[in-house]
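# Breakdown of the fold
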Amino acid sequence: TAGVQTAPAWSLPDRGTVGMVSFIIAESAIFTIFVVAYLFYLGKSLTGPSPGEVLEVPIFYTICLLSSSVTIHLAGKRLERGERVTFLVLWLLTIGLGGLFMYGTAQEWRRLIYEHGLTISTNLFGTTYYSLVGLHAFHVTVGLLMLAIVLGLGIAGRVRPAHSARV
C-alpha cells in the first residue's frame with residue numbers, strides 16, 4: 001500500500017570492522033589499566049628520582065606520532081582512489097614518523113637510565129613508567145613491522161584499491 005514503509009533488512013556488520021573495534025576496545029582497556037596504575041603510584045616512591053625531576057615533555061615526537069595518524073588516513077584514501085604512488089609515499093611517511101617517535105623514546109630512555117639512573121627496578125615510579133611506555137613502544141614497533149609488510153606488498157604491486165578497506 002502507498003505510504004507504508006518497510007524497514008530495511010538487517011544484516012551482519014562487516015567482520016573486519018567488528019574485529020577492529022573489538023581490538024581497539026581491548027587495547028584501550030589494557031592501556032587504561034597501565035595508566036591508572038601509573039597515576040595511582042605516582043609520587044608514592046620513597047626514593048628518587050621522581051617524575052618531576054627527570055621527565056620532559058616530548059612535544060616533537062608526540063607530534064610525529066599524532067601526525068602519523070593523519071598520513072595513514074590520507075594514504076588509505078589515496079589507495080581507495082587508485083593513486084598508488086601517492087599511497088606509497090604517504091605510507092612510507094607514516095613509517096618514518098613512527099620511526100622518529102621510536103627514536104625519541106629510545107633517546108628518552110637512554111637519558112633516564114644513564115643521566116638519571118632511573119631503571120625499571122629503581123623505584124615504583126620507574127617500574128610503572130617503563131611498563132607503560134614499554135607497552136606503548138612494543139605496540140608502535142609491531143605497528144611499524146605491519147606497515148613495512150604492507151609497504152613491501154604495495155611496492156610489489158599487490159595492494160590495490162579493492163584492499164583499501166582492509167588497509
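One structure accompanies this document, and this report is about it. Small disclaimer: the values here were computed from a predicted structure and weren't measured.

### Some thoughts on the packing of aromatic side chains
- Counted according to the given criterion, the structure contains eight aromatic pairs.
- Judged by centre distance (5.0 Å) and plane angle (80 degrees), the rings of Phe40 and Tyr41 are edge-to-face.
- Here the aromatic cluster, defined as three or more aromatic residues joined through ring pairs, consists of Tyr38, Trp109, Phe125, Tyr129 and Tyr130.
- Looking at Lys44, its charged tip hangs above the ring of Phe40, at a distance of 3.8 Å from the centre.

### Quick look at the side chain of Thr128
- Considering the arrangement of structural elements, one finds Thr128 in helix α5 (residues 124–155).
- When its relative accessible area of 11% is taken as the criterion, Thr128 is described as buried.
- Dropping the residues within four chain positions of it, Thr128 is found in contact with Ala37, Tyr38 and Tyr41.

### Re the packing of helix α3 (residues 59–80) against helix α4 (residues 84–114)
- Running from amino to carboxyl end, α3 crosses α4 at an angle of 160 degrees, the nearest separation of the two axes being 8 Å. As the angle between them shows, α3 and α4 are arranged roughly antiparallel. Judged by the twist between their axes, the crossing of α3 over α4 is left-handed. Counted together, Phe60, Tyr61, Cys64, Leu65, Ser67, Ser68, Thr71, Ile72, Leu74, Ala75, Arg78 and Leu79 of α3 and Thr86, Phe87, Leu90, Trp91, Leu93, Thr94, Leu97, Leu100, Phe101, Tyr103 and Gly104 of α4 form the full contact between these two elements.
- Tallied by class, residues from the contact of α3 with α4 come to 16 nonpolar, six polar and one charged.

### Points about the pattern of salt bridges
- Inspection of every chain in the model, using the stated rule, returns three salt bridges.
- A salt bridge links Arg111 to Glu56; the nearest nitrogen and oxygen atoms lie 3.9 Å apart. Residue Arg111 is found in helix α4, and its partner Glu56 is found in the loop between α2 (51–54) and α3; the two are separated by 55 residues along the sequence.
- A residue is classified by how much of its surface remains accessible, and Glu56, at 52% relative accessible area, is exposed.
- As a salt-bridge pair, Glu83 and Arg78 come within 3.4 Å of each other at their nearest N and O atoms.
- Overall, Glu83 belongs to the partly exposed group, its relative accessible area being 32%.

### Points about a nonpolar patch on the surface
- On the surface, Met20, Phe23 and Ile24 cluster together to form a nonpolar patch covering roughly 310 Å² of accessible area.
- In this fold, Ile24 is placed in helix α1 (residues 15–41).
- Classification of Ile24 by relative accessible area gives partly exposed; the value is 46%.

### A closer look at the environment of Glu115
- For Glu115, the location among the structural elements is in the loop between α4 and α5.
- The class of Glu115 is exposed, set by a relative accessible area of 53%.
- Separated by 93 residues in sequence, Glu115 and Ser22 have C-alpha atoms that sit 41 Å apart.

### A word on the environment of Phe125
- The residue Phe125 is located in helix α5 in this model.
- The class of Phe125 is buried, set by a relative accessible area of 2%.
- In the structure, Phe125 is positioned 109 residues away from Gly16 in sequence and 38 Å away in space, judged by C-alpha atoms.
- Look past the residues within four positions of Phe125 in its chain and what remains in contact with it is Tyr38, Ser45, Pro49, Ser50, Pro51, Val54, Leu55 and Leu118.

Conventions and cut-offs
Residues numbered from 1 in each chain as written. Predicted model: local features only at pLDDT ≥ 70, side-chain atom pairs only at ≥ 80, totals over all residues. Heavy atoms only, no water. Phe/Tyr/Trp six-rings, centres within 6.5 Å; stacked < 30°, edge-to-face > 60°. Lys NZ or Arg CZ within 6 Å of the ring centre and 35° of its normal. Helix = DSSP H or I, 4+ residues; strand = E, 2+ residues; numbered from the N terminus. Buried < 20%, exposed > 50% of the residue type's maximum accessible area, 1.4 Å probe, protein only. Contact = heavy atoms within 4.5 Å. Axes fitted to C-alpha atoms, helices over the stretch in contact; angles between N-to-C directions. Parallel < 35°, antiparallel > 145°, perpendicular 65-115°, else oblique. Left-handed = near helix turned anticlockwise from the far one by under 90°. Nonpolar A, V, L, I, M, F, W, Y, C, P; charged D, E, K, R; others polar. Salt bridge = Lys/Arg side-chain N within 4 Å of Asp/Glu carboxyl O. Patch = residues over 30% accessible without salt bridge, like charges linked within 9 Å, V, L, I, M, F, W, Y side chains within 5 Å. Areas by Shrake-Rupley, 256 points an atom, 1.4 Å probe, with all protein chains shown as cover.

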